[in-house]
Amino acid sequence: MPDHMPEDLSAVGRDLRAFTDELRSQHAVVKNNLGEWVLLRHKDVVAAAKDDSRFSSAVSRFLQIPNGLDGEEHSRYRALIDTFLTPAALQPFVPVFEEIAAELVQELMQQKGPIDAVNDLGAVFAVRAQCAWLGWPSHLEQPLLQWMKNNHAATRSGSDDEKAKVAQDFDNMIKAALEHTAQKQEALSVTQKLQQACLDGRLLTEAEVVSILRNWTGGDLGSMALCIGVLVAYLVQAKETNPHLFSEIAEFSLQQQEQFINEVLRIDCPFVSNRRVTRSPVHVAGVHIPAGARVKLNWTSANRDESVFAKNEFDPKGHAANNLVYGVGKHVCPGQVLATWQLRIVLMQLIRQTPQLRADDSLQCIREVAPLGGYERVPVHFI
Ligand code: HEM
C-alpha cells in the first residue's frame, strides 16, 4: 500500500462528485472509513466488473438474485431475468408509461407553488410505472413511497440494523403484492409470469421470486427518482443558457434522446457504487488488496474520469461507449432498457407539456451528500 494512502476517508457532508474528483486526481484506490477498498478510476472499475473470478458479487448473507451470485449460477438466473426485460417484452408497456407520465405532469401542473422534481415527480412516477409493469395494486403507491423514504434514511444512516429492517419491510410488501396478484383472473401480470417461470425444469420458490422482485424494485425506485431529479436539474440549468434546448431535444432521434439522458447521468451519476469481495489477493493500480477484502466499484467517480472523458465535456455520442451508468460485465444492469425508456418518456412529457419549466427563485436545489448521489430536492415550476 502506498504510504500516502489516506486512512480515514469519511465523506460525511460532501457532494460525492467533488469529493471523488479530488481523491481520484491523487489515488486510484482508497480505503474508506468502513474498511472498504474503493476503486475510483474508469479503467480499474471496468476491469474489476469484468473479472468475477477475482471480484465476487457474493457480498451479502441474504439471497440476492441475481446481484449476489457468481459464475454459472448467476448466468442461469440472469438468462431467465433478461427475458422479462427485452425491448419486445417491454414494448407493450410504453403507452402505459406514457399515460402515467402525462397524467402526473398534468396533476402537478395544477399544484400551487414549486414542485420537487425528485419526490413529487420522480418518486411518484417510478412507483406508478413499476406497479403498472409488475401488475401490483395502486393502493401500494403510498406504502412504496413511504418505504423509499425509509430506505433512503437507512442508507444515509449507514446502520446495518436499519437497513435490515427496511429490507424486511420490503419483503412483507412484496408478499402482500404476490397474494393480490394471485387472486386476479385477468391476463397474466409480469409478477404472475415470474411466479410461473421455470428454471432447471422447476418453478421458482417464493424466496427466489421475492428476491428477484426485490432486486427489480428495491433500489431501483430510488435510483429512478434520483435520475429524474438530476435530469430536471440539468434541464432548468441548461435552459438558462440555451433557450432552444427543448426544441432541439424534440428534434432528436430516439437514440439521440437516450444518449443525451445517459450523458447527463454520466456526469452526475446518482447510482453511486456496487460491492464486490476479493477471492484472492489482487493488485489494482499498484495497490495490494488482500483476499476477502470488501471492494466498491465507484461508478460516480469512474464516470467522471478525465482520462476517458476528456475534460468532462458534454458529449452524448462520443462518450456513449464508455458510459458506466448501468455498469459493465456480467452484472450489467438488465433494467437498462426499462429505465432508459421510462426516463425518456418523462423527459418528453416535460418537453411537450411544460415549455416554461424553470427553477424556483427562492428555494435552492439541495444536493444529496455521501453516501448518496444526485439531489435531495429540485424545486421547479412547470408553468
Ligand atoms: C436509472 C436507473 C438504474 C440505474 C442507474 C441502474 C444501475 C445499475 C448498475 C450500475 C448495475 C450493476 C451492478 C453491479 O455490477 O453489481 C445494475 C444492476 C442491476 N439492475 Fe439496475 N439500474 C437502474 C434501474 C434498474 C431497473 C429499472 C431494474 C429492473 C427492473 C434494474 C435491475 C437491476 C438488477 C436485477 C441488477 C443486477 C444484475 C446482475 O447482478 O446480474 N435496474 N443496475
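Looking at an unreviewed UniProt entry, one finds the chain named Cytochrome P450 and attributed to Aliidiomarina taiwanensis.

**Student:** Looking at this structure, how should I read unusual backbone geometry?
**Tutor:** Working note: non-glycine residues mostly have negative phi, and peptide bonds are mostly trans. With an omega of 0 degrees, the peptide bond running from I65 to P66 counts as cis. Positive phi is not limited to glycine here, since A285 has a value of about 50 degrees. Within the secondary structure, A285 is located in the loop between β8 (282-284) and β9 (287-289). Overall, the relative accessible area of 51% leaves A285 in the exposed class.

**Student:** Looking at this structure, I do not really get the site of the ligand. What am I missing?
**Tutor:** What surrounds the ligand is a group of 25 residues, the closest being H74, R78, R276, H331 and C333. Between the ligand and R78 there is a distance of 2.8 Å, counted from an oxygen atom to a side-chain nitrogen or oxygen. One nitrogen or oxygen atom from the side chain of D220 is found 3.2 Å from a nitrogen atom belonging to the ligand. Where the shell around the ligand is concerned, the elements lending two or more residues are α3 (71-83), α10 (206-241), β7 (273-278) and α14 (336-353).

**Student:** Hey, could you run me through the pairing of strand β10 (residues 294-298) in this one?
**Tutor:** The two faces of a sheet get side chains in turn, since along a regular strand they alternate between them. With respect to burial, β10 is a largely interior element, four of its five residues being buried. As judged from the five bridges shared by β7 and β10, these two strands associate in the antiparallel manner. Across the sheet, residue R275 finds its bridge partner in β10, namely K296.

**Student:** Would you mind going over the pattern of salt bridges with me for this structure?
**Tutor:** Pairing between side chains becomes possible if they bear opposite charge and their charged atoms approach one another. What the rule picks out here adds up to 20 salt bridges. Note that R128 and E141 form a salt bridge whose closest N and O atoms lie 3.0 Å from each other. With a gap of 13 residues between them, R128 in helix α6 (residues 117-134) and E141 in helix α7 (residues 141-157) connect regions that are remote in the sequence. A residue is classified by how much of its surface remains accessible, and R128, at 22% relative accessible area, is partly exposed. For E141, a relative accessible area of 15% puts it in the buried group. Salt bridges sharing common partners tie together D15, R17, D268 and R367.

**Student:** Teacher, can you tell me more about the pairing of β7 here?
**Tutor:** Where strand β3 (residues 55-56) and β7 come together, two bridges link them in antiparallel fashion. If you follow S56 over to β7, its bridge partner there is V277.

Rules and cut-offs
Residues numbered from 1 in each chain as written. Predicted model: local features only at pLDDT ≥ 70, side-chain atom pairs only at ≥ 80, totals over all residues. Heavy atoms only, no water. Helix = DSSP H or I, 4+ residues; strand = E, 2+ residues; numbered from the N terminus. Buried < 20%, exposed > 50% of the residue type's maximum accessible area, 1.4 Å probe, protein only. Near = heavy atom within 4 Å. Polar contact = N/O pair within 3.5 Å; in protein donor to acceptor, adjacent residues only side chain to side chain. Pairing = 2+ DSSP bridges. Salt bridge = Lys/Arg side-chain N within 4 Å of Asp/Glu carboxyl O.

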